[in-house]
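Chain by chain, the residues:
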Amino acid sequence: MLKTELKKIVSLAWPLLIAQVTQTLMGVSDTIMAGRYSALDMAAVAIGFSITMPVLFFIQGLVLALPPIISRLNGANQNHKIANATQQTFYLILSVALIFSAGTLLVPFLFSLSSMDPDLRDITVAYTQYILLGAPAFAAYQLIRNFCEGLSITKPTMIIMVLGLAVNIPANYVLIYGKFGFPEMGGVGCGIATALVFTIMFLATLTYALKSKKLAPFQLFGKAYKPDPATIWQTFKLGFPIALTILFEVTLFGVVALLLSPLGASIVASHQVALNFSSIMFMFPLSIGIATSIRVGYLIGEDNYENAKKAVLGAVLLGLGIAALTATLTIVARTQIASLYSTDSEVISLAASLMLLASLFQLSDSVQVISAGALRGYKDTAMMSYITFIAYWLIGLPIGYTLALTDWLIAPMGASGFWIGFICGLSAAALMLGLRVNRIQNKLANGQMRT
């Protein structure tokens with residue numbers, strides 16, 4: 001049965017992997033295309049991206065409560081409840097997205113408080129406002145995407161994400177450089193293009209949901225359900241810790257970049273190179289983690305606790321196998337990989353040394369993200385957020401800060417110290433999340449808790 005569950009995980013995960021890599025490439029294409037226009041616009045896009053990404057990740061985190069809800073109902077043959085659960089989630093995330101969109105009115109005031117160069121500030125403000133205006137479309141896209149994924153239908157996510165990238169690049173070109181009669185908008189054009197992509201992806205997923213024969217039995221649009229505060233609150237309680245978990249990790253890397261900034265441009269650049277490549281490698285275990293959440297939820301709905309346990313084991317073994325391969329690639333080709341990002345010999349050398357450290361945490365990173373996916377499937381998300389906060393902010397960051405910027409233990413190590421902190425934090429998260437999964441599995445097996 002382990003082999004069977006492993007095949008199920010792979011079939012769910014590979015379209016998600018392509019989708020996640022494609023999503024990452026959208027951000028990369030924005031940065032590259034804005035950078036080719038001007039350094040000023042590239043900087044504005046980078047700042048705006050760092051501000052808006054936590055907002056979008058928060059929305060996405062809330063919606064990640066939906067797949068385990070749906071997969072569990074599907075596994076329990078309670079498909080008549082799926083439409084209502086999805087619509088209640090829609091009320092939640094649309095409300096949150098509209099609040100963020102309304103925040104566009106405050107963006108100019110907030111940036112006016114900074115000492116930023118006026119030209120840089122104007123571009124950053126406009127870029128940020130357009131991304132926030134696109135938040136409702138992003139939320140609606142994420143809702144329908146996760147509705148499909150909760151039903152173990154992951155290929156549409158892949159296809160539509162590829163469509164998004166196919167729209168993003170030419171839209172960037174037209175709006176940044178002012179082609180085909182459009183005004184030349186530079187970095188602001190990236191923001192408009194991204195909001196446009198959100199809208200197109202939402203419309204594409206909506207069209208699929210309306211036309212798909214696979215989804216027809218679930219009647220997502222067959223009846224309009226009234227908002228149910230109790231159900232919305234339960235969804236929020238499940239999704240909020242997921243959103244916090246994502247924010248804890250995203251903001252950690254942002255804080256480290258800020259702490260490194262006084263050490264010079266080369267240090268910061270090498271850190272960003274290593275971080276960007278590590279983020280791409282992270283898409284492998286992340287996709288397996290999402291697939292694990294879906295599969296575990298389905299099996300728990302069937303009350304098949306033993307197979308759920310095997311699904312988690314298969315996912316972890318798969319993740320570790322892939323992590324061993326990506327770690328080996330990182331070690332062997334680290335200098336060549338760094339050379340793809342920069343022509344500066346100092347940046348290449350520093351980035352290569354950081355990627356050697358990055359290879360070491362890929363195993364623990366794989367275990368922690370797959371364990372987190374399993375906990376979502378078990379609907380045990382509150383403890384997950386506590387564990388990640390402790391691991392990242394109370395273990396990883398203090399160790400990294402101590403090694404990187406102080407002489408309390410040894411001479412300051414610079415960026416390498418923070419990356420050793422990452423290794424410690426992610427290893428702690430892997431251990432604690434793994435133990436939590438094991439505890440939940442044992443309680444279910446012994447009848448000590450209800451699902």
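That block above? That's the structure.
Bear in mind that the values here come from a model prediction, so they are computed numbers and not experimental data.

J.: Please explain a nonpolar patch on the surface as it appears in this structure.
T.: A cluster of nonpolar side chains, Tyr401, Trp408, Leu409, Ile410 and Met413, forms an exposed patch at the surface whose accessible area comes to about 540 Å². Residue position: Trp408 is located in the loop between helix H14 (382-405) and helix H15 (415-445). Judged by relative accessible area, Trp408 falls into the exposed class, the value being 61%.

J.: Which parts of the structure should I look at to understand the packing of aromatic side chains?
T.: Centre-to-centre distance and the angle between the planes together describe a pair of aromatic rings. This model, assessed by the stated rule, comprises 10 aromatic pairs. Between Trp233 and Phe236, the ring centres sit 5.6 Å apart and the planes meet at 25°, which makes this aromatic pair stacked. With a gap of three residues between them, Trp233 and Phe236 both fall in helix H10 (residues 229-260), about one helical turn apart. Consider the rings of Trp419 and Phe422, whose centres lie 5.2 Å apart with planes at 70°: the pair is edge-to-face. Placement of the pair is Trp419 and Phe422 together in helix H15, with a separation of three residues, close to one helical turn. The residues Trp419 and Phe422 share a single accessibility class, namely buried. Taken together, the aromatic side chains of Phe58, Phe100, Trp233, Phe236 and Phe240 make up a single cluster linked through ring pairs.

J.: Where do I start with the nonpolar core in this structure?
T.: One broad trend across soluble globular proteins is that nonpolar side chains are buried collectively. Tyr378 and Trp419 are the most contacted members of the largest nonpolar core, which totals 70 residues. Tallying contributions element by element places helix H11 (residues 265-301) first for this core, with 16 residues. Not counting chain neighbours up to four residues away, the residues in contact with Tyr378 comprise Arg72, Val296, Ile300, Ala308, Lys309, Val312, Val437, Ile440, Gln441 and Leu444. Among the nonpolar cores identified, the runner-up in size contains 54 residues, and Ile70, Val96, Phe218 and Leu238 belong to it.

J.: What am I meant to see in the pattern of salt bridges here?
T.: Applying the stated criterion across every chain, the model contains three salt bridges. A salt bridge links Glu5 to Arg295; the nearest nitrogen and oxygen atoms lie 2.8 Å apart. Note that Glu5 is positioned in helix H1 (residues 2-37) and Arg295 in helix H11, a separation of 290 residues in sequence. In terms of burial, Glu5 and Arg295 fall into one category: buried.

J.: Is there a simple way to explain helix H2 (residues 39-63) in this structure?
T.: In an α-helix, one full turn covers 3.6 residues, which means residues spaced three or four apart are oriented alike. The terminal C-alpha atoms of H2, which comprises 25 residues, lie 35 Å apart, in line with the 36 Å expected from a rise of 1.5 Å per residue. Roughly 30° is the biggest bend found in H2, and it falls at Thr52, with proline Pro54 one to four residues downstream.

J.: Help me understand the environment of Met201, please; the structure alone is not making it clear to me.
T.: Summarising the element assignment, Met201 is placed in helix H9 (residues 187-211). For the pair Met201 and Met161, spaced 40 residues apart in sequence, the C-alpha to C-alpha distance is 7.3 Å.

J.: Looking at this structure, how should I read the packing of helix H3 (residues 66-75) against helix H4 (residues 82-102)?
T.: Helices that pack against each other are described as a pair by the angle of their axes relative to one another and the distance between those axes. Their axes nearest at 10 Å, the elements H3 and H4 cross at an angle of 170°. Between H3 and H4, the interaxial angle falls into the category roughly antiparallel. Within the contact between the two elements, H3 uses Leu66, Ile69, Ile70, Leu73 and Asn74 and H4 uses Ile82, Ala85, Thr86 and Thr89. Across the contact of H3 with H4, the residue classes tally to six nonpolar, three polar and no charged.

About the criteria used
Residue numbers here run from 1 along each chain, matching the order of that chain's written sequence. Reporting of local features is limited, given that this is a predicted model, to residues whose pLDDT is at least 70; pairs of side-chain atoms are given and counted only at 80 or more, and all residues count toward the totals for whole chains, interfaces and linings. With hydrogens and water excluded, all non-hydrogen atoms of the structure serve as input to the side-chain values. Here a patch means residues that are over 30% exposed by relative accessible area and free of salt bridges, tied together within 9 Å if like-charged and within 5 Å if nonpolar (Val, Leu, Ile, Met, Phe, Trp, Tyr). To be clear on the numbers: accessible area is Shrake-Rupley with a 1.4 Å probe, and residue cover counts the displayed protein chains and nothing else. In what follows, salt bridge is the name for a side-chain nitrogen of Lys or Arg lying within 4 Å of a carboxyl oxygen of Asp or Glu. Each helix is a run of DSSP H or I of at least 4 residues and each strand a run of E of at least 2, with the numbering of both proceeding from the N terminus. With a 1.4 Å probe rolled over the protein chains alone, any residue whose accessible area is under 20% of its type maximum counts as buried; one over 50% counts as exposed, and the rest are partly exposed. Side-chain rings of Phe, Tyr and Trp, where Trp is taken by its six-membered ring, are said to pair if the distance between their centres is within 6.5 Å; with planes under 30 degrees apart they count as stacked, over 60 as edge-to-face, and otherwise as tilted. To form a nonpolar core, buried Ala, Val, Leu, Ile, Met, Phe, Trp, Tyr and Cys residues must be joined to one another through side-chain atoms within 4.5 Å. Residue contacts are defined here by distance: any two heavy atoms, one from each residue, within 4.5 Å place the two residues in contact. Multiplying 1.5 Å by the residue count of a helix minus one yields the expected span of that helix. Across the chain, bend at a residue is computed as the angle between axes fitted to the seven residues ending at that point and the seven starting from it. The axes are straight lines fitted to the C-alpha atoms, using for helices just the contacting stretch, and the angles between their N-to-C directions are given from 0 to 180°. Angle categories are assigned with fixed cut-offs, so that under 35 degrees is roughly parallel, over 145 is roughly antiparallel, 65 to 115 is roughly perpendicular, and the rest are oblique. Lys, Arg, Asp and Glu make up the charged group, whereas Ala, Val, Leu, Ile, Met, Phe, Trp, Tyr, Cys and Pro make up the nonpolar group; the residues left over, Gly among them, are polar.

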